[in-house]
Amino acid sequence: MWLRSFVVASLLQVSVGSVAHAAGPFGSVKIGNWVGGAFSNDETGAFSHCAATAPYANGVILVVGQNAGGSWILSFASPSYRFKQGENAAIDVIFDGQEQARLFATANQTNMLSSVMPANVVRTFQKASLMVATSGRTVLNFDLTSAGPVIAALANCVTKVKADGLDKAGDFTKIAAKPQAAPDKQTPSAGSKPARTKSGTGFVVSASGHVVTNNHVISGCVGDIKGNLTGEAGMVLRVVSSDANNDLALLQAPSTTTFKEFARIRDRSIRSGDSVVAIGFPFHGLLTSDFTVTTGIVSSLSGMRNDSRFLQISAPVQPGNSGGPLFDTTGQIVGVVTGKLDGLRMAAATGNIPENINFAIKTGALRDFLDNSVVPYQTAEPKSEIKTTDIAGNARPYTMLISCNGTEQAEAKR
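Now for a description of the structure that goes with this document. Note that the structure is a prediction, hence the values are computed from the model and not measured. (Residues numbered from 1 in each chain as written. Predicted model: local features only at pLDDT ≥ 70, side-chain atom pairs only at ≥ 80, totals over all residues. Heavy atoms only, no water.)

With that settled, consider the layout of surface pockets. One way to see where empty space is left: roll a probe the size of a water molecule over the atoms. Here the second largest pocket is characterised by a volume of approximately 610 Å³. Lining the second largest pocket are 29 residues, with Leu130, Phe142, Asp143, Thr145 and Arg238 sitting closest to its centre. When grouped by side-chain class, the residues that make up the lining of the second largest pocket number 14 nonpolar, 13 polar and two charged. (1 Å grid on protein atoms, 1.4 Å probe; cavity = no way out; pocket = protein on both sides within 12 Å on 5 of 7 lines; lining within 4 Å. Points joined across faces, edges and corners; volume = space filled by probe spheres on them. Nonpolar A, V, L, I, M, F, W, Y, C, P; charged D, E, K, R; others polar.)

Alignment of strand 9 (residues 130-135) against strand 10 (residues 138-143), held across six bridges, turns out to be antiparallel. Paired with Val132 across the strands is Asn141, a residue of strand 10. (Pairing = 2+ DSSP bridges. Helix = DSSP H or I, 4+ residues; strand = E, 2+ residues; numbered from the N terminus.)

Time to look at the pairing of strand 4 (residues 61-67). Counted residue by residue, strand 4 has seven buried out of seven residues, so it is predominantly covered. Where burial is concerned, the two faces of strand 4 agree: the one with Ile61, Val63, Gly65 and Asn67 and the one with Leu62, Val64 and Gln66 are both buried. In this structure, strand 3 (residues 47-55) lies alongside strand 4, joined through seven bridges in antiparallel fashion. Directly across from Thr53, in strand 4, lies its bridge partner Val63. Between strand 3 and strand 4, which pair antiparallel in sequence order, lie five residues; one of them, Gly59, sits at a positive phi of approximately 90°. Both strand 4 and strand 5 (residues 72-77) contribute to a ladder of six bridges, which runs antiparallel. Within strand 5, the residue paired with Gln66 across the bridge is Trp72. (Buried < 20%, exposed > 50% of the residue type's maximum accessible area, 1.4 Å probe, protein only.)

Glancing now at the sheet that holds strand 14 (residues 235-243). Two modes of strand pairing occur in sheets, parallel and antiparallel, and in both the strands are linked by backbone hydrogen bonds. One closed barrel holds the six strands; their spatial order is 11-12-15-14-13-24, and the pairing between them is antiparallel. Adjacent strand axes in the sheet meet at a mean angle of 40° when their direction is disregarded. Across two bridges, the pairing between strand 11 (residues 196-204) and strand 12 (residues 210-213) is antiparallel. Residue pairing across strands places Phe203 opposite Val212, the latter belonging to strand 12. Contacts between helix 7 (residues 363-372) and the sheet are confined to strand 11, strand 12, strand 14 and strand 15 (248-252), with strand 15 contributing the most and set at about 45° to the helix. (Axes fitted to C-alpha atoms, helices over the stretch in contact; angles between N-to-C directions. Contact = heavy atoms within 4.5 Å.)

Of the residues making up helix 3 (residues 119-127), those classed as buried are Val121, Val122, Thr124 and Phe125. Across the axial projection of helix 3, the buried residues extend over an arc of 165°, all falling on one side. (Arc of directions from axis to C-beta.)

Within the secondary structure, Ser115 is located in strand 8 (residues 112-117). A polar contact of 3.3 Å, which involves the side chain of Ser115, links it to the backbone oxygen of Phe104. (Polar contact = N/O pair within 3.5 Å; in protein donor to acceptor, adjacent residues only side chain to side chain.)

Listed below in structure tokens is the structure:
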């Protein structure tokens, strides 16, 4: 709390020139851990900016604001910072493991870096759940769960103060809804497709509840994404990051949930011919509500057209297995099940129906993805072999059914 009022007051020096101090806050912005309001120039009394701050466990206070001219500023403040005034620094930010931008910040105070945020970065910041900021060797994570409402409240703050003045400042989180004409009937619009349930599999890789699945399992989801352990109530999962190119996605269980058991990733390469075990929820709703277990071998160390990111496996998988764990015979993760060869297309192209040609993402791609998402996963050396029944039993506390409502178009992409 030591720096909050100071940071907010001096936030927009980078864009208002010689302002050394500011009065405020007038009115209020209070959303989650974010606190702020409107501020004036101490020398002139004129409206200067609206801003809000949020403290993080990593010791950094994040500050976001918009000045009277419409420019957005993002600042990083900490009592441990010792910058020279006017010092510059490049800060790389990644949102939800996907959108990336480079910000050029200036130290207008010895304990704070401030940077103008371009409009496209503001839009991404507003929609994101997680921001990873990197400068030199420093890497920091920021939960942006409330960022969307904060940006909206600050924009409302600037608009209202410019129109009504500081003396009428109030609760800027109360935004008047735009009137909408009520439809005669709640019927789908022309060309729209009804939502339908889609499902896949995921597995927990950290005690904090990070869940790995395939990107195509969550792509096109409408509304909440849910995770169910067998026999337990479902939980709403938040998307942390995704990688469409490698077909990986990272979800996060609620912060109130912890996992005593989670998957360990094999820290040694697997070989062609090694036995594997696939676990997942194929054809959920048609087959058993419990997960299914299939076995096979590693048929090849590459996928279609020699794609080295994938394993070819003979363990049978079906729709719904996507995103599930692939184990070696010691119970360590050796891949993420991603799909099977399309038998009908191959039959049409070659005249033959392929059998047991299925694919999993290798642990190299998985670990790169988790490293980029700053996940504290664990690795393990393969030990003595255990029974398939024990592998399945050990996997039960952390293997999840992943489900959501998706459009027919999204379902067709699975």
